[in-house]
Amino acid sequence: MSPAIALAFLPLVVTLLVRYRHYFRLLVRTVLLRSLRDCLSGLRMEERAFSYVLTHALPGDPGHILTTLDHWSSHCEYLSHMGPAKGQILMRLVEEKAPACALELGTYCGYSTLLIARALPPGGRLLTVERDPRTAAVAEKLIRLAGFDEHTVELIVGRSEEVIPRLRTQYELSRADLVLLAHRPRCYLRDLQLLEGHALLPAGATVLADHVLFPGAPRFLQYAKSCGRYRCRLHHTGLPDFPAIKDGIAQLTYAGPG
């Protein structure tokens, strides 16, 4: 490419960088810097975050552990976690619904797991599913560090589409009063239909889905709004540390199979 042609495209490039600067910063923090630090340290970012929690957070105090993770994400390495703004929405809904049994698909580092667990009613139970064994190992340690035993929070390692059909028989989950979808948005619709097909959603169950606007789950939202079995509400938020990037949590109330 000649210098003249390159100069002709320069204003366009500058305009795009200014307009999408928040997305560019997110890309740098979540992909480029993370990959470099993974290579240099030999550890995953989630493992480095847990090491930070071990030296800075109070064991047995879920709130302090969550605050420590937020600090790590803001000041050290971006964690791509739910964050405090969405976390407040999640905790409020769990407290309102008071589910006897909750299900989380996508444990990741355990941040949203702790949010749900600390808001459960007495005797409440949470099953959380993570497909990546190495990430699940970090989440398991974080959950136990926060003081939750296996009777309250049980972590299942496996692919959601393989775990859901076994929840009733293998894990004695006959119904999920509240479900959080926080794994891969492209899998939300498939897994929601699996939950319906295996009769794991009682009438009145609450289904929450994160990241429905960014990166987005359009097919999931279209199905929930058009199938006639859900009342839908969207809680608008921004990404943690990137409030200009708009996202949202979808809240679905299941009316039953009718």
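Residues numbered from 1 in each chain as written. Predicted model: local features only at pLDDT ≥ 70, side-chain atom pairs only at ≥ 80, totals over all residues. Heavy atoms only, no water.

(A) How the structure looks around the packing of helix α3 (residues 45-56) against helix α7 (residues 133-145). α7 packs onto α3 with a crossing angle of 15° between their chain directions and a minimal axis gap of 10 Å. Our classification of the angle between α3 and α7 gives roughly parallel. When you trace α3 past α7, the crossing you get is left-handed. Of the residues in α7, those touching α3 at Glu46, Glu47, Phe50, Val53 and Leu54 are Arg134, Val138, Lys141, Leu142 and Leu145. Here the residues of the contact of α3 with α7 sort into 6 nonpolar, no polar and 4 charged. (Axes fitted to C-alpha atoms, helices over the stretch in contact; angles between N-to-C directions. Helix = DSSP H or I, 4+ residues; strand = E, 2+ residues; numbered from the N terminus. Parallel < 35°, antiparallel > 145°, perpendicular 65-115°, else oblique. Left-handed = near helix turned anticlockwise from the far one by under 90°. Contact = heavy atoms within 4.5 Å. Nonpolar A, V, L, I, M, F, W, Y, C, P; charged D, E, K, R; others polar.)

(B) Structural view of the side chain of Thr68. If you trace the backbone, Thr68 turns up in helix α4 (residues 62-75). Among the polar contacts listed, one links the side chain of Thr68 to the backbone oxygen of His64, at a separation of 2.7 Å. Dropping the residues within four chain positions of it, Thr68 is found in contact with Tyr52, Val53, His56 and Ala57. (Polar contact = N/O pair within 3.5 Å; in protein donor to acceptor, adjacent residues only side chain to side chain.)

(C) Representation of α7 in the model. Relative to the 18 Å expected for 13 residues at 1.5 Å per residue, α7 spans 18 Å between its end C-alpha atoms, a close match to the ideal helical length. For α7, the full list of buried residues reads Thr135, Ala136, Val138, Ala139, Leu142, Ile143 and Leu145. A positive phi of about 105° marks Gly147, the residue just after α7. (Expected span 1.5 Å × (residues − 1). Buried < 20%, exposed > 50% of the residue type's maximum accessible area, 1.4 Å probe, protein only.)

(D) Quick look at empty space enclosed by the protein. Summed over all chains, the structure comprises 1 cavity of 30 Å³ or more. Sorting the residues of the lining of the largest cavity by element identifies α3 and α7 as the ones contributing at least two each. Looking at the lining of the largest cavity element by element, the count peaks at 4 residues for α3. Partitioning the lining of the largest cavity into residue classes produces 7 nonpolar, no polar and 1 charged. (1 Å grid on protein atoms, 1.4 Å probe; cavity = no way out; pocket = protein on both sides within 12 Å on 5 of 7 lines; lining within 4 Å. Points joined across faces, edges and corners; volume = space filled by probe spheres on them.)

(E) Spatial organisation of α3. Between its first and last C-alpha atoms α3 spans 16 Å; for 12 residues at 1.5 Å apiece the expected length is 16 Å, and the two agree. Within α3 the residues assigned to the buried category are Met45, Glu46, Glu47, Arg48, Ala49, Phe50, Tyr52 and Val53. Along its buried surface, α3 packs onto α2 (21-41), α4 and α7.

(F) Just the pattern of salt bridges, in detail. Under the criterion given, the structure shown has 14 salt bridges. Residue Glu77 pairs with Arg48 through a salt bridge whose shortest N-O separation is 2.7 Å. On the criterion of sequence distance, the pair formed by Glu77 in the loop between α4 and α5 (83-97) and Arg48 in helix α3 is long-range, its members being 29 residues apart. Exposure remark for Arg48: the relative accessible area of 12% places this residue in the buried category. Taking the shortest distance from any N to any O, the salt bridge between Arg159 and Glu161 comes out at 2.9 Å. In this structure Glu161 comes out as partly exposed when scored by relative accessible area, which is 21%. (Salt bridge = Lys/Arg side-chain N within 4 Å of Asp/Glu carboxyl O.)

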